[in-house]
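Architecture and fold: a report
Chain by chain, the residues run as shown.
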Amino acid sequence: MFESRIVEIEGTFLGALIVEADRKTRRFYAAHDSVRPLHNRVLAEADELTRQVVGQFRRAHADSLTRAR
């Protein structure tokens, strides 16, 4: 691993973006169950990958609130 960046939202640690050997692409390492479907997703744009992770977290969180009612 050359470099990584933590992905968190609202104080919840979701995982990390890890720079691959080519130094251009990033791989997501999921640490939170709500974003597990995105584990090992690889993209060149770190911002796009982060948007996908945050979106997945928010959808899963909203779904859990809906089920709780």
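Residues numbered from 1 in each chain as written. Predicted model: local features only at pLDDT ≥ 70, side-chain atom pairs only at ≥ 80, totals over all residues. Heavy atoms only, no water.

Here 6 bridges tie strand 1 (residues 4–9) to strand 2 (residues 12–19), and the two strands are oriented antiparallel to one another. Bridge assignment links Ser-4 to a residue of strand 2, and that residue is Ile-18. In sequence, strand 1 turns back onto strand 2 through a hairpin of 2 residues, with Glu-10 there showing a positive phi of about 50°. (Pairing = 2+ DSSP bridges. Helix = DSSP H or I, 4+ residues; strand = E, 2+ residues; numbered from the N terminus.)

Now for the pattern of salt bridges. Tallied over the entire structure, the rule returns 3 salt bridges. Ionic pairing is found between Arg-36 and Asp-33, a salt bridge with its closest N-O pair at 3.0 Å. Exposure remark for Asp-33: the relative accessible area of 64% places this residue in the exposed category. As a salt-bridge pair, Glu-48 and Arg-51 come within 3.2 Å of each other at their nearest N and O atoms. (Salt bridge = Lys/Arg side-chain N within 4 Å of Asp/Glu carboxyl O. Buried < 20%, exposed > 50% of the residue type's maximum accessible area, 1.4 Å probe, protein only.)

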